[in-house]
Amino acid sequence: MKKDTLLSVSELKTYFFMESGAVPSVHGVSFEVKQGETVAIVGESGCGKSVTSLSIMGLVSSPGKIVGGDIRFHGQDLTTISEKEYRKLRGNDLSMIFQEPLTSLNPLFTIGSQLDEVILLHQQVTKEEARQKGIEMLKKVGIPRAEQVYRSYPHQLSGGMRQRVMIAMALACEPKLLIADEPTTALDVTIQAQILQLMRKLVKDNNTAIMLITHDLGVVAEMADTVIVMYAGQVVEQADVFTLFAAPAHPYTQGLLASTPKIQTIEEELQSIEGTVPTQETMPKGCRFFPRCPHASEQCVQNQPSLLKIGGGQLVRCWLFDAKEAASG
Amino acid sequence: MQTDTTMASPAERSRRIRSNRLLTWSRRLLRSKTGTVGFILVLAVLFLAAFADVLATHNPNEVNPALMLKPPAWLEGGSSQHLLGTDHLGRDIWSRMVYGSRISLLVGVTAVVFAGLIGVAVGIVAGFYGGWLDRVFMRLVDAFLSIPNILLALVILSVFGPGVWTLIFVLGVTNWVNYARLVRGEVLSMKEREFVKAARAIGVKNRMVMVRHLLPNVMSPFIVISTLSVATTIILEASLSFLGLGIQPPDISWGGILSDGRDYVATSWWLATFPGIAITLTVLGIIFLGDWLRDVLDPRGQNRR
Amino acid sequence: MASYIFKRLGEMIPVLLIISFIVFALVFVAGNPVALMLPEDASQEDIDQLTASLGLDQPFLVQYGKYLFHLVQGEFGESFRYNTSALPLVLERLPATLELAVAALVLAVTMAIPLGIWSATKQNSPVDLLAAGGSVIGKAMPNFWLGIMLILIFSVMLGWFPVSGRGTLGHLVLPALTLATGLAAEITRLLRSSMIEILNQDYIRTARSKGMREGMVVYKHAFRNSLIPLVTVVALQTSTVVGGTLITETVFSWPGLGQLLIQAVHTRDMAIVQACVFVIAVLVIFMNLVADVLYRLLDPRIKYE
């Protein structure tokens, strides 16, 4: 399996220009996704993970705007290409599944026509061939009676079915990168497992990379190769999935893990992270996590830590490690 | 600030809230450009109507055959005696317009009040008693909605003949449905609220509760609908007067002046133009004011039409 | 589908019954029409005789029963001005009115759709602000005045279109434009707000994520969805449009229902007035039915009952 870099995001800044002033939703985010790899981006709601994914898709809508950094996909900087070139990528090499399967399909068109649409946009096929391909995709995502569903309207299907349709649509043109924004959050637990399994299988078949946006560490453990933890618009930790679960470095990651129930440690009390994600007005000057951090010191209040390598490919944005680093080096 | 309000006596508190509200309102009025424009336009018309006797330069019904169809003062052939010119009988248009504002406002406002009274009464009864009475009411609403306002007005006028009071009655009858629907809806939702059920359980008269809680709830949308109704009513009145079925001479209305001017539009454009501008500006002012009131009073915007 | 339409047609009956009752009651209150039918020097005996022969001396409910009996046969009585049955007279005028109403509707929709979409996609652009301003002025202007001003500008000053009458396409332009303005204002406003709401929906984001051109996203995905509220508002405006034709016809001497009706109101020709009311009410109710059916065709989520 090739391990070339497929997507590299560096110093991405996406701001929302509100009446009250500019709100930095994504503030200097950098990471990489390799071919065929699954990268999970984790964090509480409002930490900027969805905006990061929309920025990559080029779908940040007004008043939001990418104000800095670059997004390289196959070596091509997406922040500089024309809208026309972008359209050729979207739905084709670069596709996305959204959180709300119930509202993500247009209620007035049949499943078939919405599925054919993406195929006809990107492939030189006749309508009939598109129809064949559409039905084939529906079968692939495990939809029974695909021909019938093809002629159905979205409201006639269950949430799980609709998410399968969304996956079929996203994978119809065999994308190189699939961005899945909370793909299972709105679904029942039993359906969640099925959908995740389906995604894993389909992706393996085509060597598609996945950028999985989620707040659910269970999903992360099941799917991801690499994990990126975001907090208040910044990456605070990055590690491979085993390291992250075994030795979380950032106090925020530790808090997230402690607040997730685990079967092995059932006797332990479930922790929660005190406080909430800071807003624009309450954004600390130093480390953005310090008001909620059990290890916060004077340094954390004053200065922002930078993202630091702490060995084994693990990155962390925390003064605790900076201090150790400084002492040892 | 908040603790301050809770500490004060209830009377003091409500007084403070009220004066506070007045302040925010006037501030909001100034912030809304269209609201300010509307307010000024409406004030201007009220001013015209109130001081018509002073502002009019001539007796509005004084016929002067020597001065027929004179153009406005600033045009060639016009005279400073007649600011907006004269009509086919040599009457001064400015004076007629000034007096016309009285009828427009009088008819518009009275008709809306009349409609409000019928509408509120019917709405409360239908919502309160429900059952077959309510079903009949809903059919009645359907019936009224399927007859265009102007048609209903024409039918009633064909029966009773034209006249100011008939006109007010007619315009009221064409308008009451809106109020009745609003009040009925509010009464129905009111009946389901917990506090009404609770009050009923401890034996408080249902009717009393309804009146006490209904009125404050209906007040905001009521004011908004009324304001906008005055605008549509003024247009309807002008239309009927234009057709010769509304205000009858010697009473003066903008619609009537327009109707006179229509036959001379080819030669004396000012006759038909000025009353139309007056109607448009008045209605515009009321619409702006109404929209602003809606934004202030009814932030949910549930009564947007 | 067919059963739904039948159900809705069934619901029309009580509404028409109520209208018939209102109209009949009004005519009954209006008093004895016999005096108008006979020469002025007719004796009391002649009057009594005719009253009895017309059944006008019978009790209210008996008369109403007879009236209904005739009504279902399409018999509204004789017009004493034309001395023929009223309904054929009214139906004869209907095509002219429909022509005007349909032309206005088509014109309004063709003006409003691009304007509404443009305003929604380019919020606060000059076009948006212009459309918003135009909408509110279009709403504030009395229909008949706009008609007169159009005549003044395009017929009298520029000589592009005939002043009045019906016949060529040129005759249709100004009255249709007069009638279309207010309607276009209403539709533009609605379309703008519904498009803004729809463009923020998740499925629009999905369409964009497929790599679809923005124009296609707007026209195929968003506009299709906004057709649903659009149909509703157009149907609700039917009543206003028909009401508007009544006045517009008078301004442009358009030989339709409106002219006939207004003459009849002036001469108190009650048979014609009644026939007009019914024909128009049926038209309005029918249009609402058409809208409901269209609504169901456009939205697969609604099932026929």
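Reading the values: rules and limits
Residues numbered from 1 in each chain as written. Chains lettered and ligands numbered in written order. Predicted model: local features only at pLDDT ≥ 70, side-chain atom pairs only at ≥ 80, totals over all residues. UniProt positions renumbered as here; feature names shortened; annotations may be inferred. Helix = DSSP H or I, 4+ residues; strand = E, 2+ residues; numbered from the N terminus. Contact = placed C-beta atoms within 7 Å. Buried ≥ 20, exposed ≤ 12 C-beta atoms within 10 Å, placed from the backbone. Expected span 1.5 Å × (residues − 1). Bend = angle between axes of the 7 residues up to and from the residue. Core = buried A, V, L, I, M, F, W, Y, C linked by C-beta atoms within 7 Å. Nonpolar A, V, L, I, M, F, W, Y, C, P; charged D, E, K, R; others polar. Domains from an automatic or database assignment.

Identification of chain C as Peptide/nickel transport system permease protein from Evansella caseinilytica is taken from an unreviewed UniProt entry. Under the Subcellular location (unreviewed entry) heading, UniProt states for chain C: "Cell membrane".

Chain B is annotated in an unreviewed UniProt entry as Peptide/nickel transport system permease protein of Evansella caseinilytica. Recorded in UniProt under Sequence similarities (unreviewed entry), the annotation for chain B is "Belongs to the binding-protein-dependent transport system permease family." The annotation that UniProt attaches to chain B under Subcellular location (unreviewed entry) is "Cell membrane".

Q: Explanation requested: the overall build of chain B in the structure shown.
A: Scanning chain B for helices and strands turns up 12 helices and zero strands. Along its sequence from the N terminus, chain B presents helices and strands in the succession α-α-α-α-α-α-α-α-α-α-α-α. For chain B, long-range pairs separated by at least 24 residues make up 69% of all intrachain contacts whose partners lie at least 6 apart in sequence.

Q: Would you take a moment to explain the overall build of chain C for this structure?
A: Secondary structure assignment for chain C yields 12 helices and two strands. Of the regular secondary structure in chain C, the N- to C-terminal order runs α-α-α-α-β-β-α-α-α-α-α-α-α-α. Projected onto its principal axes, the C-alpha coordinates of chain C cover approximately 85 × 55 × 30 Å. By the burial criterion, 42% of the 305 residues in chain C qualify as buried. Within chain C, counting contacts between residues at least 6 apart in sequence, those at least 24 apart form 71% of the total.

Q: I keep staring at the interface of chain B and chain C and nothing clicks. Help me out?
A: It is common to give the size of an interface as the accessible area that goes away when the parts come together. On the chain C side, the residues contacting the 35 residues of chain B number 41 residues. At the level of elements, helix H6 (131-145), helix H7 (149-160), helix H10 (206-242), helix H11 (254-262) and helix H12 (269-297) of chain B are the ones that each hand at least two residues to the side of chain B that touches chain C. If you tally residues by element for the side of chain B that touches chain C, the top one is H7(B), at nine residues.

Q: Any chance you could explain helix H6 (residues 126-140) of chain C here in plain terms?
A: Between its first and last C-alpha atoms H6(C) spans 21 Å; for 15 residues at 1.5 Å apiece the expected length is 21 Å, and the two agree. Those residues of H6(C) that are buried are in contact with H12 of chain B together with helix H5 (86-121) and helix H8 (169-199) of chain C.

Q: Whenever I open this one, the UniProt feature "transmembrane region" (unreviewed entry) in chain B confuses me. Can you help?
A: Residues and elements named next belong to chain B. Mapped onto the present numbering, the UniProt feature "transmembrane region" (unreviewed entry) falls at residues 103-129, 214-236 and 269-290. Annotation note: span residues 103-129, helix share 100%, strand share 0%, distance between end C-alpha atoms 39 Å. Helix and strand shares over residues 269-290 are 100% and 0% respectively, and the end C-alpha atoms of the span are 32 Å apart.

Q: Which parts of the structure should I look at to understand the UniProt feature "transmembrane region" (unreviewed entry) in chain C?
A: In this numbering, the UniProt entry assigns the feature "transmembrane region" (unreviewed entry) to residues 12-31, 100-121, 142-163, 169-191, 227-252 and 272-295 of chain C. Segment residues 169-191 of chain C splits into 100% helix and 0% strand. End C-alpha atoms: 29 Å apart.

Q: Just to check I follow, could you spell out H8(C) for this structure?
A: Given 3.6 residues per helical turn, the α-helix brings residues three or four places apart onto the same face. All names here are of chain C. The end-to-end C-alpha distance of H8 is 38 Å, clearly below the 45 Å that 31 residues give at a rise of 1.5 Å each. Where H8 bends most, the angle comes to about 35°, and this point is Ala-180. In terms of burial, H8 is a largely internal element, 24 of the 31 residues being buried.

Q: When you look at the nonpolar core in this model, what are you seeing that I'm missing?
A: Ranked by internal contacts, the top residues of the largest apolar core, which has 251 residues, are C:Leu261, C:Ile272, C:Cys276 and C:Val277. If we skip the residues at most four places from it in the chain, C:Cys276 touches C:Val90, C:Leu257, C:Leu260 and C:Leu261.

Q: When you look at the interface of chain A and chain C in this model, what are you seeing that I'm missing?
A: Taken together, the contact pairs 24 residues of chain A with 17 residues of chain C. Put simply, the parts of the chain that give the side of chain A that touches chain C at least two residues each are helix H2 (83-89), strand E6 (94-97) and helix H3 (111-122) of chain A. Looking at the side of chain A that touches chain C, its residues break down into 11 nonpolar, eight polar and five charged.

Q: Teacher, can you tell me more about the domain arrangement of chain C here?
A: Residue and element names in this part refer to chain C. Splitting chain C by domain gives domain 1 (2-86) and domain 2 (92-298). Taking the mean C-alpha position of each, domain 1 and domain 2 sit 34 Å from one another. Each partner contributes residues to the interface: domain 1 has 17 residues there, and domain 2 has 14 residues. The set of elements that each furnish at least two residues to the side of domain 1 that touches domain 2 consists of helix H1 (2-30) and strand E1 (78-79). In terms of residue count, the dominant contributor to the side of domain 1 that touches domain 2 is H1 (eight residues). Per-class residue counts for the side of domain 1 that touches domain 2 are 12 nonpolar, two polar and three charged.

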